[in-house]
Amino acid sequence: MDLVVKNGRIVDPSQKLDRVADILIRDGLIRTIGDGAFADVPVFDATGLIVAPGFFDIHVHLREPGTEEAETIATGGSAAVAGGFTAVAAMPNTNPPNDNPSITYYILSEARRSSPARVFPIGAITKEQKGEVLAEIGEMFEAGIAGISDDGKPVMNAQLFRLALEYAQMFDMPVIQHCEDLNLSKGGVMHEGIYSTRLGLKGIPAAAEETMVSRDITLTHMTHGKYHVAHLSTRGAVEIVREAKARGLRVSAEVTPHHFTLTDAAVADYDTNAKMNPPLRSADDVAAVVEAIKDGTIDAIASDHAPHHINLKMLEFDRAPFGITGLETAVGLALTKLQLPITRLVELLSINPQKIMKVKSWGLFEGSAADLTILDLKRSWTFDVHRSRSRSRNSPFHGWQLKGKAVATIVGGKVVYEDRA
Ligand SMILES: [Zn+2]
């Protein structure tokens, strides 16, 4: 199937590309980038639009196997392409967790069958994510995982985390940590600060994240491992990562859109869609995170898409589960709230995510997979959670007016999502 993406502004900082041109796609691959007429080929008119290498959300919970009432690989993949993501990395905390190759194979085959987005499974670090013994990391790598993490939980045992950093190096995979000291965070449901005191809710101190990042960086230095901080949320964690990068350690970090758009003030009316882990932090933390996105300390934006069935989110604040959906709002929030140069945005959403994860990289070059995200920077739109493609509805962004949107998503040369004004 052939296609010409015509007259778009082609932006790929990894190829030092920023110009108006046509992309000819043949057999799912980029054939040429240039100008001129291609006879008898279907045309996607991208005049006035940005054409970027496919966006990659490296932190997504697809809930399958085990919690299909909240999300499936098919519905999560559909939400991904509607949000402009051609690929997602799926966290292993399914039921059963992805801690062995049979689950990895299942996710990959189900994704090939039903997901319009590419799915890269992340394997568990420890068996059943219990933090006791290493999972079958080598076997899962053979099966196709792109990194390891116990996300949802931290690896509290420092010796085990050291072994994971050493072992993952054999496969050049990142070790992705959910940074939370469980003793410091125990019983906490929101950020520990003025609001938690006022609301009478138990807080999770910033130190619960920062002590873990700090410990892990000591272990990264010791092992020369490849370490990635998931959903970084505090000023202190920003400073620790910044300093580690200055020392030349192989450390990377992602932030979520909710951590750069919302503060703990959003919890004031006990809205369970403001309950996530790590929690929404103080205004000062948000300012530090935004600055770190701009100065390059933060490498990637990832949604931490965490669908939950509505019955669970209707529980009282203390008892509701952590997490919100995010695949369809991430790009719009980044474009609306961050005011970044488009090249920097493409680095955060496509180029750097590919570098962090163990994947064969793609981009706007000849012979690359034709995975493209097409943006309209001027498009004003309102997010309506009731029209979400996710099976869940737990978003705090319902009704938000955003400017800038993914208006088409192309995977392997096929237009898998289109929303032209
Ligand atoms: Zn997490």
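Before reading further, recall that the structure is shown in the block above.
What you see is a predicted model; the values in this text were computed from it and never measured.

(A) Local environment of the coordination of the zinc ion. Protein coordination of the zinc ion is provided by Asp151 (OD), His178 (ND1) and His231 (NE2), with donor distances spanning 1.9 to 2.3 Å. Between consecutive donor residues of the zinc ion, the sequence gaps follow D-x26-H-x52-H. One end of the pair, aspartate 151, is in the loop between strand 9 (148-149) and helix 4 (158-169); the other, histidine 178, is in the loop between strand 10 (175-177) and helix 5 (182-185), with 27 residues separating them in the sequence.

(B) Just the nonpolar core, in detail. Ranked by internal contacts, the top residues of the largest apolar core, which has 73 residues, are Phe55, Ile148, Leu232, Ile293 and Leu345. No other element matches the 6 residues that helix 13 (residues 342-356) contributes to this core. Apart from residues no more than four positions distant in its own chain, phenylalanine 55 is found in contact with Gly84, Phe85, Thr86, Ala87, Val331, Leu345, Val346, Leu349, Ser350, Thr373 and Leu375. Membership of the second largest hydrophobic core comes to 20 residues, among which are Ile10, Val51, Ala370 and Ile374.

(C) How the structure looks around helix 4. With 12 residues, helix 4 should cover 16 Å at 1.5 Å per step; its first-to-last C-alpha distance of 17 Å lies within 8% of that length. Among the residues of helix 4, those classed as buried are Leu160, Phe161, Ala164, Leu165 and Ala168. Looking straight down helix 4, one finds its buried side chains confined to an arc of 145°; they lie on one side.

(D) Spotlight on the sheet that holds strand 10. The 5 strands lie next to each other as 9-10-13-14-15, forming an open sheet whose pairing is parallel. Each of the sheet's edge strands pairs with one partner strand only, and the pair in question is strand 9 and strand 15 (300-301). Its contacts with the sheet put helix 4 on strand 9, strand 10 and strand 13 (227-229), and the angle it makes with strand 10 is roughly 145°.

(E) Structural view of the environment of histidine 308. Mapped onto the elements of the fold, histidine 308 is located in the loop between strand 15 and helix 11 (310-313). A residue is classified by how much of its surface remains accessible, and histidine 308, at 12% relative accessible area, is buried. Measuring from C-alpha to C-alpha, the distance between histidine 308 and asparagine 394 comes to 6.6 Å, with 86 residues separating the pair along the chain. If we ignore the near neighbours within four places in the chain, the residues touching histidine 308 are Arg63, Ala70, Lys313, Pro321, Phe322, Gly323, Ser392 and Asn394.

About the criteria used
Residues numbered from 1 in each chain as written. Predicted model: local features only at pLDDT ≥ 70, side-chain atom pairs only at ≥ 80, totals over all residues. Heavy atoms only, no water. Donors = N, O, S within 2.8 Å, 3.2 Å for Na, K, Ca; no water. Helix = DSSP H or I, 4+ residues; strand = E, 2+ residues; numbered from the N terminus. Core = buried A, V, L, I, M, F, W, Y, C linked by side-chain atoms within 4.5 Å. Buried < 20%, exposed > 50% of the residue type's maximum accessible area, 1.4 Å probe, protein only. Contact = heavy atoms within 4.5 Å. Expected span 1.5 Å × (residues − 1). Arc of directions from axis to C-beta. Pairing = 2+ DSSP bridges. Axes fitted to C-alpha atoms, helices over the stretch in contact; angles between N-to-C directions.

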